[in-house]
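Next come the chains, spelled out residue by residue.
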Amino acid sequence: MNLMRYGIVGTGYFGAELARVAAALPEGAVTRVYSPEHAIPLAQEVGAQVAADALEVCIADDVEAVIVASPNDVHVEPALAAAAAGKHVFCEKPVALSYADAASMVGAARTAGVTFMAGHVTQFMHGVREARRRIADGEIGRLLVAQAARTGWEPPAEQVSWKKMRERSGGHLFHHIHELDLVLAVMGAAERVVMSGGNLAHRGAGHGDEDDVLLAVLEHEDGSRSQLQWGSAYRWPEHHVTFQGTLGAIRVDLQDVGVTMRTERGTTTWPLHSSWAEDAERREEYAAASGGGGVTYGAPGARPPGWLRRIMREELEWFEDVVAGRLEPERALAGLTDGQAALTSIATAEALTISLAEDRKVSTAEVSG
Ligand SMILES: NC(=O)c1ccc[n+]([C@@H]2O[C@H](COP(=O)([O-])OP(=O)(O)OC[C@H]3O[C@@H](n4cnc5c(N)ncnc54)[C@H](O)[C@@H]3O)[C@@H](O)[C@H]2O)c1
């Protein structure tokens, strides 16, 4: 049995749980952790050493893989350092806040011959994988349009998180890149994009500086279209991704949790997560979040819910299988480790950002060349 020894960079809400998950894997151990805050109790819990800085984690001899779970604006340096030191990298989403950074991370991993995996949890949801199998089998015909919404209402916060600061998180578009990533994975790359939006109701004390309304339209290479919206200015929260084809439609509902397919032959439903019980857990969690579950954020010290912990475990098991060469990646998930999901989602998000700033339709080739 080969042991995969992990180093963790960033041990807040998500990094701490990824460390627990990694330490509990049959072939996993966590040997080094670094975080300016929250590192010591986590190190004690998982039996790791506290490193003096991120670089120490990335170059340590007793680390084979580095999990990057620091704030979004500080992913690139540890990912590059880890790859340069020959370590595999599991990088939280959004992998970067610019296409140039994402491309340098994917390129560094390719050059070093190590695996670089983007932590795009939505692609691991069982119900999403089933939806993609059915779409690939032609059950809803030729895809015409996708719609996605991740919206809700945020009250002022006592302490404004980095997640609300555009420079640090990239705002809703980058921080909640999951919906964009899923739409691109199913509909194919976007050729041209346009976005409108702004900060309409979240200015001043208790708020960050991100836009609270974002309305995006994508034109895909095959002529199909997508329409996505994100934001915290919505008193009627929504969270779904819906695919409309010539023969039917599939709605991935992340709020009233479950997946539904409608065709002329009738309606079929299946769980979004690994069981109806996990779906019920998420439904209750969303119902308890007054502003909407899609705009509720984890904080250091909190534990992710069970449905999310399961996905985190499946992600890291998949990562270990890919690193060990045990797995012929299911085609639908191959984009997570071949750079495609990381690059197309960040290129599209950057093109959308330019569109908003410059008030024009933008070709993604302008960003990715
Ligand atoms: N896939 C998902 O569903 C999901 C969910 C939550 C968070 N995330 C991602 O995980 C990452 C961390 O988010 P979080 O919710 O844990 O945030 P958090 O604020 O809870 O934790 C961030 C941690 O990073 C540490 N940190 C700050 N600056 C650092 C630096 N320069 N180097 C290393 N560590 C640093 C902080 O001390 C803190 O411990 C983000 O990229 C976020 O987008 C993903």
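Just so it is clear, the structure is predicted and the values come from calculations on it, not from any experiment.

## A few points about the layout of surface pockets
- The calculated volume of the second largest pocket comes to roughly 500 Å³.
- Around the second largest pocket, the lining is made up of 20 residues, and of these R132, A185, V186, R331 and A332 lie nearest the centre.
- Per-element accounting of the lining of the second largest pocket gives the leading share, 5 residues, to helix α6 (residues 126-136).
- Grouping the amino acids of the lining of the second largest pocket by side-chain chemistry returns 9 nonpolar, 5 polar and 6 charged.

## Considerations on the sheet that holds strand β14 (residues 266-270)
- Overall, mixed pairing links the 9 strands, which are arranged β14-β13-β12-β11-β7-β10-β9-β8-β15 in an open sheet. Of all the strands in the sheet, just β14 and β15 (362-363) have a single pairing partner and so form its edges.
- Pairing of strand β8 (residues 190-198) with strand β9 (residues 213-220) involves 8 bridges; the strand directions are antiparallel. Paired with G197 across the strands is L214, a residue of β9.
- Against the sheet, helix α13 (residues 340-358) makes contact with β8, β9 and β15, and its axis sits at roughly 50 degrees relative to β8, the strand it touches most.

## Things to note about the UniProt feature "domain: Gfo/Idh/MocA-like oxidoreductase N-terminal" (unreviewed entry) in the protein chain
- What UniProt calls "domain: Gfo/Idh/MocA-like oxidoreductase N-terminal" (unreviewed entry) maps, in this numbering, to residues 4-120.
- A helix fraction of 42% and a strand fraction of 24% characterise residues 4-120, whose end C-alpha atoms lie 21 Å from each other.

## What about unusual backbone geometry?
- Cis geometry marks the peptide bond from K93 to P94; its omega dihedral reads -20 degrees.
- Within the secondary structure, P94 is located in the loop between β5 (88-92) and α5 (99-112).
- Even without a glycine there, the phi angle at H38 is positive, about 70 degrees.
- You can see H38 is positioned in the loop between β2 (28-34) and α2 (39-46).
- Of note in this structure, D359 is not a glycine but carries a positive phi near 55 degrees.
- With respect to the helices, strands and loops of the structure, D359 is situated in the loop between α13 and β15.

## Looking at the domain arrangement of the protein chain
- When its domains are assigned, the protein chain resolves into domain 1 (4-119) and domain 2 (123-301 + 339-368).
- Computed from C-alpha atoms alone, the centre-to-centre distance between domain 1 and domain 2 is 26 Å.
- In this complex, domain 1 contributes 23 residues to the contact, which on the side of domain 2 involves 21 residues.
- Counting the surface domain 1 buries against domain 2, the share from its top three residues, Y13, K93 and Y99, is 35%.
- Across the contact surface, domain 1 and domain 2 share 1 salt bridge.

## Notes on the pairing of strand β6 (residues 116-119)
- Of the two faces of β6, the one holding F116 and A118 and the one holding M117 and G119 are both buried throughout.
- By the bridge criterion, 4 bridges tie β5 to β6 in an arrangement that is parallel. The residue of β6 that forms the bridge with C91 is A118.
- What joins β5 to β6 is α5, and the crossover it makes is right-handed.

## Topic: the environment of R283
- Mapped onto the elements, R283 comes out in helix α10 (residues 276-288).
- On the basis of relative accessibility, which here comes to 31%, the residue R283 falls in the partly exposed class.
- Along the sequence, R283 and A249 sit 34 residues apart, while their C-alpha atoms lie 22 Å from each other.
- When sequence neighbours within four positions are dropped, the list of residues in contact with R283 reads Q255, D256 and V257.
- One polar contact links R283 to D256, side chain to side chain, over a distance of 3.3 Å.

## Some thoughts on the nonpolar core
- Residues Y6, V95, F116, L180 and F243 are the most contacted members of the largest nonpolar core, which totals 105 residues.
- Mapped onto the domain boundaries, this core takes at least three residues apiece from domain 1 (4-119) and domain 2 (123-301 + 339-368).

## Considering the pattern of salt bridges
- In this structure the tally under the stated criterion is 25 salt bridges.
- In this structure, E17 and R303 form a salt bridge, with 2.6 Å as the shortest nitrogen-oxygen distance. In this pair, E17 sits in helix α1 (residues 13-24) while R303 sits in the loop between α10 and α11 (306-324), placing the two residues 286 residues apart along the sequence.
- Classification of E17 by relative accessible area gives buried; the value is 2%.
- Judged by its relative accessible area of 46%, R303 falls in the partly exposed class.
- One connected set of salt bridges, linked through shared partners, spans E17, R20, E45 and R303.

Parameters at a glance
Residues numbered from 1 in each chain as written. Predicted model: local features only at pLDDT ≥ 70, side-chain atom pairs only at ≥ 80, totals over all residues. Heavy atoms only, no water. 1 Å grid on protein atoms, 1.4 Å probe; cavity = no way out; pocket = protein on both sides within 12 Å on 5 of 7 lines; lining within 4 Å. Points joined across faces, edges and corners; volume = space filled by probe spheres on them. Helix = DSSP H or I, 4+ residues; strand = E, 2+ residues; numbered from the N terminus. Nonpolar A, V, L, I, M, F, W, Y, C, P; charged D, E, K, R; others polar. Pairing = 2+ DSSP bridges. Contact = heavy atoms within 4.5 Å. Axes fitted to C-alpha atoms, helices over the stretch in contact; angles between N-to-C directions. UniProt positions renumbered as here; feature names shortened; annotations may be inferred. Domains from an automatic or database assignment. Buried area = accessible area lost by both parts, 1.4 Å probe. Salt bridge = Lys/Arg side-chain N within 4 Å of Asp/Glu carboxyl O. Buried < 20%, exposed > 50% of the residue type's maximum accessible area, 1.4 Å probe, protein only. Right-handed = clockwise from strand over helix to strand, strands pointing away. Polar contact = N/O pair within 3.5 Å; in protein donor to acceptor, adjacent residues only side chain to side chain. Core = buried A, V, L, I, M, F, W, Y, C linked by side-chain atoms within 4.5 Å.

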